[in-house]
Amino acid sequence: MALLPVLCYPDPRLHKVAKPVAQVDERIQKIVADMAETMYEAPGVGLAATQVDIHECIVVIDVSDDQNELMVFINPEIIWASPEKKSWREGCLSAPDYYDEVERPSEIRVKALDIKGKEFELDADGLLAVCLQHELDHLQGKVFVEYLSILKRSRISQKMKKRAKELESQR
Ligand code: GNR
Ligand code: NI
């Protein structure tokens, strides 16, 4: 297992669109294991492959209190979304220390492949629904700050660039 570096907004690689996984083989299972390790170490409740510069449709999520219920979604698709919406305060490992409200459908149904390549469907609400939508956006090259105003976004870009410089000078 290995920890993977997480790309930070406004890195242009965060805007690449991920390709579907053709076959869930050992290579994919290794990526999943490394992504899970990276998510737990962060710590975060989810991670999309895009964030670690792998542009394939792979997502890991763990919204459990004890961080011991790993969920793996390969080639995930939202097949239903509720008309009801809910606003959540979201954060992102690719925009550290920034949180803001985003409105999304409150319930969704997702179809995906599991770690063995078997198809499954899942109904999600609450944080799981928010997180799944947030991760599926990453796979499409979208970061949650893109739902915010241009003014907020440019402030976040500046803040992230400043933070990157500070981290650079510490090394
Ligand atoms: O760790 C995370 N927490 C979170 C909180 C509210 C809404 C979405 C998230 S996802 C985030 C991890 C991450 O950046 N995933 O892409
Ligand atoms: Ni994120």
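Residues numbered from 1 in each chain as written. Chains lettered and ligands numbered in written order. Predicted model: local features only at pLDDT ≥ 70, side-chain atom pairs only at ≥ 80, totals over all residues. Heavy atoms only, no water.

**Focus: the site of ligand 1**
Let me state the cut-off plainly: Any residue with a heavy atom positioned within 4 Å of a molecule or strand is treated as near that molecule or strand. Throughout this description, a polar contact denotes any pair of N or O atoms lying within 3.5 Å of each other; where both atoms belong to protein, one of them has to be capable of donating a hydrogen while the other can accept it, and for residues adjacent in sequence the pair is counted only when both atoms sit in side chains. Using a 1.4 Å probe, the Shrake-Rupley method yields the accessible areas, and only the shown protein chains count as cover for residues. The way it works is that DSSP assigns letters per residue, a run of H or I at least four long becomes a helix, a run of E at least two long becomes a strand, and they are numbered from the N terminus. Gly falls in the polar group here, along with every residue not listed as nonpolar (Ala, Val, Leu, Ile, Met, Phe, Trp, Tyr, Cys, Pro) or charged (Asp, Glu, Lys, Arg).
Around ligand 1 there are 13 residues in total, and Val45, Gln51, Leu93, Glu135 and His138 lie nearest to it. One of the side-chain nitrogen or oxygen atoms of His138 is found 2.9 Å away from an oxygen atom of ligand 1. If ligand 1 stood free it would expose 390 Å²; the protein chains cover 89% of that surface. Contributing elements (two or more residues each) for the shell around ligand 1: strand 4 (85-90) and helix 2 (126-139). A per-element tally of the shell around ligand 1 places helix 2 first, with 4 residues. Residue composition of the shell around ligand 1, by class: 4 nonpolar, 6 polar and 3 charged.

**Overview of the state of the cysteines**
Selection criterion: We call a pair of cysteine sulfur atoms a disulfide when they lie within 2.5 Å.
In total, this model carries 0 disulfides according to the counting rule given. Free of any disulfide, Cys57 has its nearest neighbouring cysteine sulfur in Cys131, separated by 16 Å.

**Here we look at the packing of aromatic side chains**
We count it as follows: In this scheme Phe, Tyr and Trp rings, the latter by its six-membered ring, pair at centre separations within 6.5 Å, and the angle between planes marks the pair as stacked below 30 degrees, edge-to-face above 60, and tilted otherwise. Burial classification: accessible surface area is computed with a 1.4 Å probe over protein chains only, and a residue below 20% of its type maximum counts as buried, one above 50% as exposed, and the rest as partly exposed. Both a distance and an angle decide whether a charge sits over a ring: NZ of Lys or CZ of Arg must be within 6 Å of the ring centre and within 35 degrees of the ring normal.
Summed over all chains, the structure comprises 1 aromatic pair. Seen in terms of ring centroids, Phe73 and Phe120 are 5.7 Å apart; in terms of plane orientation they differ by 45°. Their pairing is tilted. With Phe73 in strand 3 (residues 71-81) and Phe120 in strand 7 (residues 119-125), the pair connects residues that are 47 residues apart, well separated along the chain. Residue Phe73 is classed as buried on the basis of its relative accessible area of 0%. Positioned over the ring face of Tyr147 is Lys142, at 4.0 Å from the centre of the ring.

**Here's the deal with the pattern of salt bridges**
Note the following rule: Here, a salt bridge means any Lys or Arg side-chain nitrogen found within 4 Å of an Asp or Glu carboxyl oxygen.
Tallied over the entire structure, the rule returns 10 salt bridges. For Glu90, the salt bridge goes to Arg104, with nearest N and O atoms at 2.7 Å. Separated by 14 residues along the polypeptide, Glu90 in strand 4 and Arg104 in strand 5 (residues 100-105) bring together distant segments of the chain. Just as Glu90 is buried, Arg104 falls in that class too. In this structure, Lys152 and Asp100 form a salt bridge, with 2.8 Å as the shortest nitrogen-oxygen distance. In this pair, Lys152 sits in helix 3 (residues 150-170) while Asp100 sits in strand 5, placing the two residues 52 residues apart along the sequence. The network of salt bridges with shared partners includes Asp11, Arg13 and Asp53.

**Regarding the coordination of the nickel ion (ligand 2)**
What counts is decided by this rule: The donor definition counts N, O and S atoms within 2.8 Å of each metal and applies 3.2 Å to Na, K and Ca; water is not among these atoms, so some sites may look incomplete.
Every protein donor of the nickel ion (ligand 2) is accounted for by Cys92 (SG), His134 (NE2) and His138 (NE2), and the metal-donor separations fall at 2.1 to 2.3 Å. Taken in chain order, the donor set of the nickel ion (ligand 2) reads C-x41-H-x3-H. On the criterion of sequence distance, the pair formed by Cys92 in the loop between strand 4 and strand 5 and His138 in helix 2 is long-range, its members being 46 residues apart. The same class applies to Cys92 and to His138, which are both buried.

**Observations concerning helix 2**
As a reminder of what qualifies: To estimate the expected span of a helix, subtract one from its residue number and multiply by 1.5 Å.
The terminal C-alpha atoms of helix 2, which comprises 14 residues, lie 21 Å apart, in line with the 20 Å expected from a rise of 1.5 Å per residue. Inspection of helix 2 places Leu128, Ala129, Val130, Cys131, Leu132, Gln133, His134, Glu135, Leu136, Asp137, His138 and Leu139 among the buried residues, and these make up the whole buried set. Following helix 2 by one or two positions, Gly141 adopts a phi angle in the positive range, close to 85°.

**Digging into the sheet that holds strand 6 (residues 107-113)**
Under the convention used in this document: At least two DSSP bridges between two strands are needed for those strands to be called paired. Axis definition: a line fitted to C-alpha atoms, over the contacting stretch in the case of helices. Angles run 0 to 180 degrees between N-to-C directions.
The sheet built from 5 strands is open, its strands ordered 1-2-3-6-7 with antiparallel pairing. In the strand order of this sheet, the two ends are held by strand 1 (46-48) and strand 7, each with one partner. With strand direction ignored, the average angle separating the axes of adjacent strands in the sheet is 40°. With 5 bridges connecting them, strand 3 and strand 6 associate as antiparallel partners.

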